[in-house]
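# Residue-level structure breakdown
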Amino acid sequence: MQNDVELLDIMLKDQLNQKDLYHPSPYWKGYSSRTAKAIRSDGLQNFRTNSRIGKGYADTVLMNPFDRSSLDSWMSKIIKSIIQLPFFSRRFIDPYVKLNESHSRQTQRYKSLYYTTILGDWFSKFSNNILLPDTLVGNPQDRISINNYEMGGSYLTSFIRVYNYSKVVDFNKVSSIFEIGGGFGAFAHTLLHLYPNIKKYIYLDIPPILYVGTQYLKHFYKDEVIDYRRTRKLNNINFSSNDQREIIAICPWEIEKIDANIDLFWNSASFQEMTHDMVLNYSHHINRMLIDSESKLCLYVYKSGKPENTLMPKKLLEIVENNTRIVFEEFEPELEIANAHYFLGRKK
């Protein structure tokens, strides 16, 4: 993966001039600040092992609890100076991290055995006639092996979600997708790899996560990725009329410039991590871009959450259905490894 910190700086600078609707939500504010700092100091090469960069959206495993701290306040800086002392680190931090790493390796072995037992037959059929994508770019810390095939944990969840939704969505007939909250790009990579008929893809997330995902997708798709350096100069953002693949990576505020009809919208839990007004704003834009009743909104929602900083499923559905022409139906997934709801929305 290539580093392009100038692109990150452009995103973050432009974000300062945007409405609050397009800033990180309270849920993501701390993550965003820490992630940007870590990208500058550590680069992207091993971002899926670096919890300072990937915690919250990539398959990292937190080994050192201090990695979650931004360490910006004067008290935090004092703590940082203490924990970085060689004696303190050797005596307290290093043994703790080594113990965590040992437990993590054991946990991953047990997870792999468990998933092979419950998903082995399904995975054999799923992967039988396709060449699976490279899931290990960025050196994921959370890895799962099924039938001796090792993959990053984020991709197993992507494969399962695609498989479950394929029971109600014919992805072979989809040509354009808009994903809101695309993370580091694992789901976009999965869909684009499994369904080459999908030629037009819009991927939206907040900086600095958008930066990580942009560079990740560029690793696979090179110049087919249209990044923020280009889109920020446009008055309108739309797809070309040709049949070439286009992956348009946009910051949240650029949704107002999108002039395109979309076959399928996708959101995996990120709406839950937004405020009421943010979800309302995105809902209005989704409503205007859905072509007709054949266009769909796939909404994957965790059943659990903290009411103080996340939207509960019932509240989330009410925001969308009470303010748009979109109605949802829930369906039972054939496979699931998380406690989640699967909703399919259509324009009435």
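Described below are features of the structure shown in this document.

## Observations concerning the overall build of the chain
A count of helices and strands for the chain gives eleven helices and ten strands. The C-alpha atoms of the chain give a radius of gyration of 20 Å, which matches the 20 Å a tight globule of 348 residues would have. Taking the principal axes of its C-alpha atoms as reference, the chain extends roughly 65 × 50 × 40 Å. Split into buried and exposed, the 348 residues of the chain put 55% on the buried side.

## Digging into the sheet that holds strand β6 (residues 246–250)
Read across the open sheet, the eight strands follow the order β5-β6-β4-β3-β7-β8-β10-β9; overall the sheet is mixed. Looking at the sheet topology across the chains shown, the edges are occupied by β5 (225–226) and β9 (326–330). As paired strands, strand β3 (residues 176–180) and strand β7 (residues 264–268) are joined by three bridges and run parallel to one another. Each bridged residue has a counterpart across the sheet, and for Ile-177 the counterpart in β7 is Leu-264. Against the sheet, helix α10 (residues 276–289) contacts β3, β4 (200–204), β7, β8 (296–302), β9 and β10 (340–347), and its axis sits at roughly 175 degrees relative to β3.

## Some remarks on the pairing of β4
Two faces make up the sheet, and in a regular strand the side chains alternate between them. Burial analysis of β4 places five of its five residues in the buried class, which makes it a mostly covered element. Residues Lys-200, Ile-202 and Leu-204 point to one face of β4 and Tyr-201 and Tyr-203 to the other, with burial holding for every one of them. As paired strands, β3 and β4 are joined by five bridges and run parallel to one another. Looking at β4, one finds that Ile-177 is bridged to Tyr-201.

## As for helix α2 (residues 26–42)
Relative to the 24 Å expected for 17 residues at 1.5 Å per residue, α2 spans 25 Å between its end C-alpha atoms, a close match to the ideal helical length. Taken residue by residue, α2 has Trp-28, Tyr-31, Ser-32, Arg-34, Thr-35, Ala-36, Ala-38 and Ile-39 as its buried positions. Those residues of α2 that are buried lie in contact with α1 (5–15), α3 (51–54) and α8 (209–221). Phi turns positive one or two residues past the end of α2, at Gly-43, with a value near 75 degrees.

The rules behind each value
Residues numbered from 1 in each chain as written. Predicted model: local features only at pLDDT ≥ 70, side-chain atom pairs only at ≥ 80, totals over all residues. Heavy atoms only, no water. Helix = DSSP H or I, 4+ residues; strand = E, 2+ residues; numbered from the N terminus. Rg over C-alpha atoms; globule rule 2.2 N^0.38 Å. Buried < 20%, exposed > 50% of the residue type's maximum accessible area, 1.4 Å probe, protein only. Pairing = 2+ DSSP bridges. Contact = heavy atoms within 4.5 Å. Axes fitted to C-alpha atoms, helices over the stretch in contact; angles between N-to-C directions. Expected span 1.5 Å × (residues − 1).

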